[in-house]
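Chain and residue survey
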Amino acid sequence: MAILVTGGAGYIGSHTVKELLKRKYEVVVFDNLSTGHRELVRGGYLVQADLRSLEEVRKVFRRYRVEAVMHFAALMQVGESYADPQKYYLHNLISSLNLLQAMLEAGVKHLIFSSSAAVYGQPSEIPIREDHPLQPINPYGASKFMVERILPDYDRAYGLKYISLRYFNAAGADPEGELGEWHDPETHLIPNFLLYLQGRNPGFQVFGRDFPTSDGTAIRDYIHVTDLAAAHVLALEKLKSEQNSQVVNLGSSRGYSVLEVIRTAEKVTGRQASLKFGPRRPGDVPVLLASSERAETWLGWRREHSDLEFIIQTAWKWHLNH
């Protein structure tokens, strides 16, 4: 029996595939390689196809004996979602609905869903608990929220059990150096700044220096991608053993400002940068921090790699070698 991993050639998906393979799971990766990379698939079977084609999704369930699904595949750039919301709603919703339909037809009733802190919107309390109101403020977050709204109905009507994992900021790279963050264009703070320090990114700008924080820059909760991958395997095993649907934050309750990240990166790399500041981006909130209580107590999750220096060290090693 296999675990089907949609988007398994992407950043978090590929790290999770590696964790599954370490635990001797059979893995089938389903990815159209529009943003993922064949080189990041380190084992298992790769099916190059598109979730927006229901027939292509049905084929993979007919070909492989799938026992559970991890669903990473989605468009994920917040800025692009503002500029082209239709693209995000069509892609992220149709792909998810096709996947759910094919799962029901094949009798597969276990799903780990890759959600996002973007479902919360502007937080009314810090750290953010899972029962915080869901008020997404950008189309990307809204598309994740819509899938989350659908899942309880599929549980009630069809017995499809799920765990929705709401990430905060995934960062870093595989400590063994095999995998890392590889986006085009790159929009995340840590890889963007490291590419700038390498001279591979011609310009770098800090967005906003007037947030109500200690240094005026936004504060975010960073989790090493390997810790996120481990949480997915824990969630899968929890779902199989307990058969209860749940939503779980994956964060640390510890935040770092943009300037703290930059100074740590300068320390790790031994390189200095001349910073330029620009206005806030649409939808940016001052502080995003997760309550990790449910992940720790219910899921049994422990963060082993999420020290900021280690995150940046692994990312720097990846970018130097790739």
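On a predicted model such as this, the values are computed, not experimentally measured, just so you know.

Here the focus is the packing of aromatic side chains. Scanning the model with the defined rule gives six aromatic pairs in all. In this structure an aromatic cluster arises from ring pairing among F193, Y196 and F204. When the ring centre of F277 is taken as reference, the NZ or CZ atom of R209 above it lies at 3.9 Å.

On to the environment of Y158. Tracing the backbone through its elements, the reader meets Y158 in helix α5 (residues 139-158). Residue Y158 is classed as partly exposed on the basis of its relative accessible area, which comes to 43%. For the pair formed by Y158 and G107, sequence separation is 51 residues and the distance between their alpha carbons is 9.8 Å. Excluding residues that lie within four positions of it along the chain, Y158 makes contacts with L104, K109 and D153.

Going from I126 to P127, the amide bond is cis rather than trans, its omega being -5 degrees. Tracing the backbone shows P127 in the loop between β5 (110-116) and α5. We note that K24 has phi near 70 degrees; this positive angle belongs to a residue other than glycine. Position of K24 among the secondary structure elements: in the loop between α1 (11-22) and β2 (26-31). One non-glycine residue with positive phi stands out, namely Q243, at about 60 degrees. Of the residues examined, Q243 reaches a relative accessible area of 34% and is grouped as partly exposed.

Turning our eyes to something else, we now look at the packing of helix α6 (residues 189-198) against helix α10 (residues 308-321). Running from N to C, α6 and α10 point in directions that differ by 55 degrees, and their axes come no closer than 10 Å. Considering the angle they form, α6 stands oblique to α10. The handedness of the crossing between α6 and α10 is right-handed. Here α6 contributes I190, P191, L194, L195, L197 and Q198 to the contact with α10, which in turn contributes L308, I311, I312, A315, W316, H319 and L320. Of the residues that constitute the contact of α6 with α10, the class distribution is eleven nonpolar, two polar and no charged.

Once that is clear, we can look at the nonpolar core. L20 and L250 are the most contacted members of the largest nonpolar core, which totals 33 residues. It is helix α7 (residues 225-242) that contributes the most residues to this core, seven residues altogether. Among residues more than four places away in sequence, those in contact with L250 are L165, R166, Y167, F168, I223, L228, A231, H232, A295 and W301. Core analysis: the next-biggest nonpolar cluster, separate from the first, contains 26 residues, L4, L93, L99 and V147 among them.

Take the pairing of strand β6 (residues 161-167) next. Of all seven residues making up β6, six are buried, and the element is well covered by its neighbours. Each parallel crossover has a hand, and for β5 linked through α5 to β6 it is right-handed. Note: β6 against strand β11 (residues 246-250), five bridges, orientation parallel. Pairing of Y167 across the sheet is with L250, part of β11.

Our next topic: the environment of H15. Tracing the sequence through the fold places H15 in helix α1. Residues within four places of H15 in sequence aside, it is in contact with A173, D174, L179, G180, V225, T226 and A229. Among the polar contacts made by the side chain of H15, one reaches the main-chain carbonyl oxygen of Y11 at a distance of 2.8 Å.

For strand β4 (residues 66-71), a buried count of five out of six residues is recorded, marking the element as mostly surrounded by other parts of the structure. Where strand β1 (residues 2-6) meets β4, five bridges bridge the pair, whose relative direction is parallel. Pairing of T6 across the sheet is with H71, part of β4. In this structure, β4 lies alongside β5, joined through three bridges in parallel fashion. Counterpart to M70 in the pairing with β5 is I112.

Let's shift gears to the sheet that holds β4. A sheet is described by the order of its strands in space; here seven strands give the open sequence β3-β2-β1-β4-β5-β6-β11, paired in parallel fashion. Each having just a single partner strand, β3 (45-48) and β11 make up the two edges of the open sheet. Taken over all neighbouring pairs, the strand axes of this sheet differ in orientation by 20 degrees on average, direction set aside. Sitting on the sheet, helix α2 (residues 54-63) touches β1, β2, β3 and β4, and the angle it makes with β2 is about 170 degrees.

All chains considered together, the criterion is met by 24 salt bridges. With a closest N to O distance of 3.9 Å, R42 and E178 form a salt bridge. Taken together, the residues R42 in the loop between β2 and β3 and E178 in the loop between β7 (169-171) and α6 connect sequence positions 136 residues apart. Note on R42: relative accessible area 44%, which makes it partly exposed. Between R129 and E293 there is a salt bridge; the shortest N-O distance is 4.0 Å. Of this pair, R129 sits in the loop between β5 and α5 while E293 sits in helix α9 (residues 293-297), placing them 164 residues apart in sequence. Take E293: its relative accessible area is 47%, and that puts it in the partly exposed class. Linked by salt bridges that have partners in common, K18, R42, D174, E176 and E178 make up one network.

What counts and what doesn't
- Residues numbered from 1 in each chain as written.
- Predicted model: local features only at pLDDT ≥ 70, side-chain atom pairs only at ≥ 80, totals over all residues.
- Heavy atoms only, no water.
- Phe/Tyr/Trp six-rings, centres within 6.5 Å; stacked < 30°, edge-to-face > 60°.
- Lys NZ or Arg CZ within 6 Å of the ring centre and 35° of its normal.
- Helix = DSSP H or I, 4+ residues; strand = E, 2+ residues; numbered from the N terminus.
- Buried < 20%, exposed > 50% of the residue type's maximum accessible area, 1.4 Å probe, protein only.
- Contact = heavy atoms within 4.5 Å.
- Axes fitted to C-alpha atoms, helices over the stretch in contact; angles between N-to-C directions.
- Parallel < 35°, antiparallel > 145°, perpendicular 65-115°, else oblique.
- Left-handed = near helix turned anticlockwise from the far one by under 90°.
- Nonpolar A, V, L, I, M, F, W, Y, C, P; charged D, E, K, R; others polar.
- Core = buried A, V, L, I, M, F, W, Y, C linked by side-chain atoms within 4.5 Å.
- Right-handed = clockwise from strand over helix to strand, strands pointing away.
- Pairing = 2+ DSSP bridges.
- Polar contact = N/O pair within 3.5 Å; in protein donor to acceptor, adjacent residues only side chain to side chain.
- Salt bridge = Lys/Arg side-chain N within 4 Å of Asp/Glu carboxyl O.

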